[in-house]
Amino acid sequence: MASPRRPVEAAPLRIGALARESGVKLSTLRFYERRKLLLPMDRSESGQRLYGPDAAIRVRFIRRSQELGFTLKEVSAVLALTDRRGTPTRDVARFAEAKVQAIDARIDDLRRMRRAITTLMAEGFCPPDTVCPIQASLGAPAHPAKRKAQAASSTTKARRPAPKARTG
């Protein structure tokens, strides 16, 4: 009878190996460390950073999130959700809900842009005396909630009194 298989533990990665595996520069990993997005699990006897087997996945997640338009603050909040692995706080839950709404709005924009481009490709170029469908698809007014928030912020800015000129 064969003995049960134990999971093979992956050897910790040194920072250079992590950089190669995740496709980023060493300076990027150090920057992520300073921002507390990535922490070494340990240090070697010689003081080199050692990272766990999931560190490359985490680094690629951070990079891909940035490519998709997330700020590092937002990435940090998402990582906080996954790192805690429990019930999220109200602030984190609000952030997550807002981010999902923003993603849905972006998906809607991309779908409109896709439809406009495929229509344009099928019909040919835009006639000179009309608004191009690609511009019209993204040039439409923002969603009502966005418009109210933008209007409120611009109104607040417009109502502020101008600073008084100093004399003397």
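Check the entry above for the structure.
Summarised in this report is the structure supplied together with it. Starting afresh in each chain, residues are numbered from 1 along the sequence in its written order. At least 70 in pLDDT is required for a residue's local features to be given in this predicted model, at least 80 for side-chain atom pairs to be given and counted, and no such filter applies to totals for whole chains, interfaces and linings, which use all residues. Excluded from the side-chain calculation are hydrogens and water; included are all heavy atoms of the structure.

Moving on to the layout of surface pockets. One water molecule sets the probe size; rolling that probe over the atoms shows where empty space is left. Note on definitions: the grid is 1 Å and covers protein atoms alone; a cavity is a set of points where a 1.4 Å probe fits but cannot get out; a pocket is an open set with protein on both sides within 12 Å along at least five of seven lines; lining residues have an atom within 4 Å of a point. Grid points are joined across faces, edges and corners, and a volume is the space filled by probe spheres set on the points. In this structure, the second largest pocket encloses a volume near 170 Å³. Lining of the second largest pocket is provided by Leu68, Gly69, Phe70, Lys99, Ala102, Ile103, Arg106, Ile107 and Leu110. Its residues placed into classes, the lining of the second largest pocket shows six nonpolar, one polar and two charged. Each residue gets one of three labels, nonpolar for Ala, Val, Leu, Ile, Met, Phe, Trp, Tyr, Cys and Pro, charged for Asp, Glu, Lys and Arg, and polar for the others, Gly among them.

Right, let's talk about helix α1 (residues 15–22) for a bit. For α1, the complete set of buried residues consists of Ile15, Leu18, Ala19 and Ser22. Buried residues in α1, looked at end-on, bunch into an arc of 100°, giving them a common side. Packing partners of the buried residues in α1 comprise β1 (13–14), α2 (26–34), β3 (49–51) and α3 (55–67). Of the residues trailing α1, Gly23 is marked for its positive phi of about 75°. Burial here depends on accessible area, computed with a 1.4 Å probe over protein chains only, as a share of the maximum for the residue type. Under 20% is buried, over 50% is exposed, and the range in between is partly exposed. Counting from the N terminus, the helices are the DSSP runs of H or I reaching at least four residues and the strands are the DSSP runs of E reaching at least two. By construction, the arc corresponds to the directions joining the helix axis to the C-beta atoms. Residue contacts follow a heavy-atom distance rule, with two residues in contact if any of their heavy atoms lie within 4.5 Å.

With that settled, the discussion passes to the nonpolar core. Considering soluble globular proteins, one finds that nonpolar side chains tend to be buried as a cluster. Definition used in this section: a nonpolar core is a set of buried Ala, Val, Leu, Ile, Met, Phe, Trp, Tyr and Cys residues joined via side-chain atoms within 4.5 Å. If you look at the biggest cluster of nonpolar residues, it comprises 21 residues, and the most contacted ones within it are Leu18, Leu29, Tyr32, Leu38, Val59 and Ile62. Elements that contribute at least two residues to this core include exactly α1, α2, α3 and α4 (72–84). With five residues, the single largest contributor to this core is α4.

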